Amino acid sequence: MSLDPVLTPDGAWRPASDIAKAVASQKVSALDVTEAALARIERHNPMLNAFTDVTADRARATARTLDAAIAKGEAVGPLAGVPFAVKNLFDIEGLPTRAGSKINRDRPASPRDATLVERMEAAGAVLVGGLNMGEYAYDFTGENVHDGASRNPHDITRMTGGSSGGSGGAVGGSLVPIALGSDTNGSIRVPSSFCGIFGLKPTYGRLSRARSFPFVASLDHLGPFARNVEDLALSYDAMQGPDAEDAACTMRPAESVSALIGQDIGDLRIAMAGGYFQKNLMPEAQAAVAAVTKALGVTTSVELPEVARARAAAYLISTTEGASLHLDRLRKRAGDFDPAVRDRLLAGAMVPAALVDRAQKFRRWYRAKVLEIFQTVDVIIAPATPCMAPKIGQATFELDGVELPVRANIGIHTQPISFIGLPVVAVPVPRDPMPVGVQIIAAPWREDIALRVAYYLQQAGVAVAPRAKGF
């Protein structure tokens with residue numbers, strides 16, 4: 001059976017909708033698609049180090065069940081036969097949920113999949129494995145001391161970004177068409193930027209986090225990565241819906257976006273983020289933002305209030321909530337942590353409660369002020385990262401003439417947005433020698449608007465996922 005309906009002549013995946021149509025119409029079997037994905041993983045993962053677990057037997061069984069249903073004339077979902085993988089903080093039935101750590105490997109195997117894995121498979125997608133990540137998601141680089149660094153498909157000497165580094169590398173390297181990750185302070189948007197792909201951080205509470213390992217419960221989001229906006233929208237639609245097992249998950253009904261992304265954007269009020277967001281940028285990031293704003297005809301800017309303070313408050317809340325979660329592990333197995341993660345968590349455990357209270361009060365004020373801005377604009381454009389992907393192991397970089405730690409400052413433009421749970425699509429802008437991303441930020445629950453703008457930029461050829469040479 002020919003794989004032409006699902007793979008391009010040079011071996012990259014076609015869009016997920018094309019794969020699903022080919023499988024549903026029996027032009028290619030789900031099993032053949034699965035075998036193609038497993039072959040790509042076997043060939044390229046030793047170089048990219050994106051996967052920590054490959055669920056080959058499970059994937060083949062899922063694909064055979066799907067093919068049998070199709071042969072009987074049964075209806076299949078919009079992601080029929082599409083391979084996907086998940087950051088290894090998602091529960092996968094039969095595997096311990098390692099969350100990038102050494103300690104979690106001693107946990108019992110998960111008895112059930114995470115809600116979002118179940119929903120993806122209910123839509124016909126086929127899970128092929130778990131993906132590398134920064135330890136306990138407290139990471140911006142994609143470097144894991146236990147499993148090794150995930151490597152950027154555009155230059156394997158460079159970072160993927162974190163903490164969803166394996167997710168970024170797997171999609172950027174075309175190992176799978178779709179991957180799932182998490183974003184607390186930027187962990188979907190940073191790998192999207194560095195690996196040259198699209199990523200969606202939905203509104204806080206939009207997608208269920210049930211049966212995934214937490215980092216900061218009041219900031220954690222789950223969402224998809226893909227090489228095009230259509231696949232991002234399809235996977236997002238498949239995962240929507242209330243879930244009583246996640247207390248933060250909205251009771252709003254699912255609001256499908258796939259049919260909306262092609263709508264004209266001429267009625268949208270789009271502005272560029274000024275002030276803070278125009279500082280601490282290397283030339284390639286400045287050029288990416290300029291390319292996007294030019295394509296959109298943006299002539300106005302808005303300034304979010306007290307952004308630097310918002311970033312500081314996000315740091316404070318992250319480290320204190322994270323420390324609280326890990327106190328027992330820190331007491332019993334401190335030596336089994338990545339030392340850099342351990343030290344940040346220990347520092348968080350010593351933050352005075354009064355400072356945390358002030359940060360949370362500021363957070364409410366800041367959210368209200370930003371929502372006032374969305375009464376006059378629909379979309380805000382901002383950089384996703386201050387630079388293209390740094391080298392693996394690189395400790396510092398220079399921003400605005402100041403040498404700064406890489407790990408602490410990669411999320412300088414994402415943290416103030418995560419802090420108040422806004423929906424964001426990260427779009428890739430090809431640059432030489434590496435892509436770099438831009439954030440498309442919308443008001444709460446308006447993922448449809450952010451995706452419409454991203455699709456417009458994709459159709460205009462400004463935001464596209466460049467093919468990684470050799471992958």
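Structure report, in brief. Here the structure is a predicted model, which means the values were calculated and not measured.

Taking strand neighbours across the sheet as the criterion, the 11 strands line up as 1-3-2-6-8-7-14-15-11-9-10 in an open arrangement whose pairing is mixed. Pairing within the sheet leaves two strands with one partner each, and these edge strands are strand 1 (51–54) and strand 10 (301–302). As paired elements, strand 2 (residues 83–87) and strand 6 (residues 178–183) share 3 bridges and run parallel to each other. Bridge pairing in strand 6 links Phe84 to Ile178. Along the sheet, helix 3 (residues 56–71) contacts strand 1 and strand 3 (126–131); its crossing angle with strand 3, the most-contacted strand, is approximately 160°. Helix 5 (residues 165–172) contacts strand 1, strand 2, strand 3, strand 6 and strand 8 (221–226) of the sheet and is inclined by roughly 155° relative to strand 6.

On to helix 1 (residues 16–24). Those residues of helix 1 that sit buried are Ala16, Ile19, Ala20, Ala22 and Val23. Buried residues of helix 1, viewed axially, fall in a sector of 165°; they line one side. The inward-facing, buried residues of helix 1 abut helix 2 (30–48), helix 3, strand 6 and helix 7 (229–239). Downstream of helix 1 by one or two residues, Gln26 has phi in the positive range, about 65°.

Gly162 connects to Ser163 through a cis peptide bond whose omega is 10°. Residue position: Ser163 is located in the loop between strand 5 (155–159) and helix 5. The residue after Asp432, namely Pro433, is reached through a cis peptide bond having omega 10°. Within the secondary structure layout, Pro433 lies in the loop between strand 14 (424–429) and strand 15 (436–442). Notably, Asn49 is not glycine yet its phi reads approximately 55°, a positive angle. One can find Asn49 in the loop between helix 2 and strand 1. With a phi angle near 70°, Trp445 is a residue other than glycine that sits in the positive phi range.

Right, let's talk about the side chain of Arg227 for a bit. Topologically, Arg227 is positioned in the loop between strand 8 and helix 7. Buried and without a salt bridge, Arg227 has Asp231 as its closest oppositely charged side chain, separated by 7.9 Å. Within the structure, the side chain of Arg227 is placed 3.1 Å from the backbone oxygen of Ala465, a separation counted as a polar contact. In this structure the side chain of Arg227 is engaged in a polar contact, spanning 3.3 Å, whose partner is the backbone oxygen of Pro466. Apart from the residues within four sequence positions on either side, Arg227 is in contact with Val171, Gly172, Ser174, Pro177, Ile197, Phe198, Ala465, Pro466 and Arg467.

Here we come to the pattern of salt bridges. Going through the model one piece at a time under the given rule, you end up with 29 salt bridges. One salt-bridge network, in which partners are shared between bridges, spans Asp53, Arg98, Arg105 and Asp147.

Let us now look at the packing of helix 4 (residues 115–122) against helix 7. Between helix 4 and helix 7, the shortest axis-to-axis distance is 8 Å and the interhelical angle comes to 110°. The orientation of helix 4 with respect to helix 7, classified from their angle, is roughly perpendicular. Considering the relative orientation of helix 4 and helix 7, their crossing is right-handed. Across the interface between the two elements, Leu116, Arg119 and Met120 of helix 4 pack against Ser235, Ala238 and Met239 of helix 7. Broken down by class, the residue content of the contact of helix 4 with helix 7 amounts to 4 nonpolar, 1 polar and 1 charged.

Definitions and cut-offs
- Residues numbered from 1 in each chain as written.
- Predicted model: local features only at pLDDT ≥ 70, side-chain atom pairs only at ≥ 80, totals over all residues.
- Heavy atoms only, no water.
- Pairing = 2+ DSSP bridges.
- Helix = DSSP H or I, 4+ residues; strand = E, 2+ residues; numbered from the N terminus.
- Contact = heavy atoms within 4.5 Å.
- Axes fitted to C-alpha atoms, helices over the stretch in contact; angles between N-to-C directions.
- Buried < 20%, exposed > 50% of the residue type's maximum accessible area, 1.4 Å probe, protein only.
- Arc of directions from axis to C-beta.
- Lys, Arg positive; Asp, Glu negative; His and termini not counted.
- Salt bridge = Lys/Arg side-chain N within 4 Å of Asp/Glu carboxyl O.
- Polar contact = N/O pair within 3.5 Å; in protein donor to acceptor, adjacent residues only side chain to side chain.
- Parallel < 35°, antiparallel > 145°, perpendicular 65-115°, else oblique.
- Left-handed = near helix turned anticlockwise from the far one by under 90°.
- Nonpolar A, V, L, I, M, F, W, Y, C, P; charged D, E, K, R; others polar.

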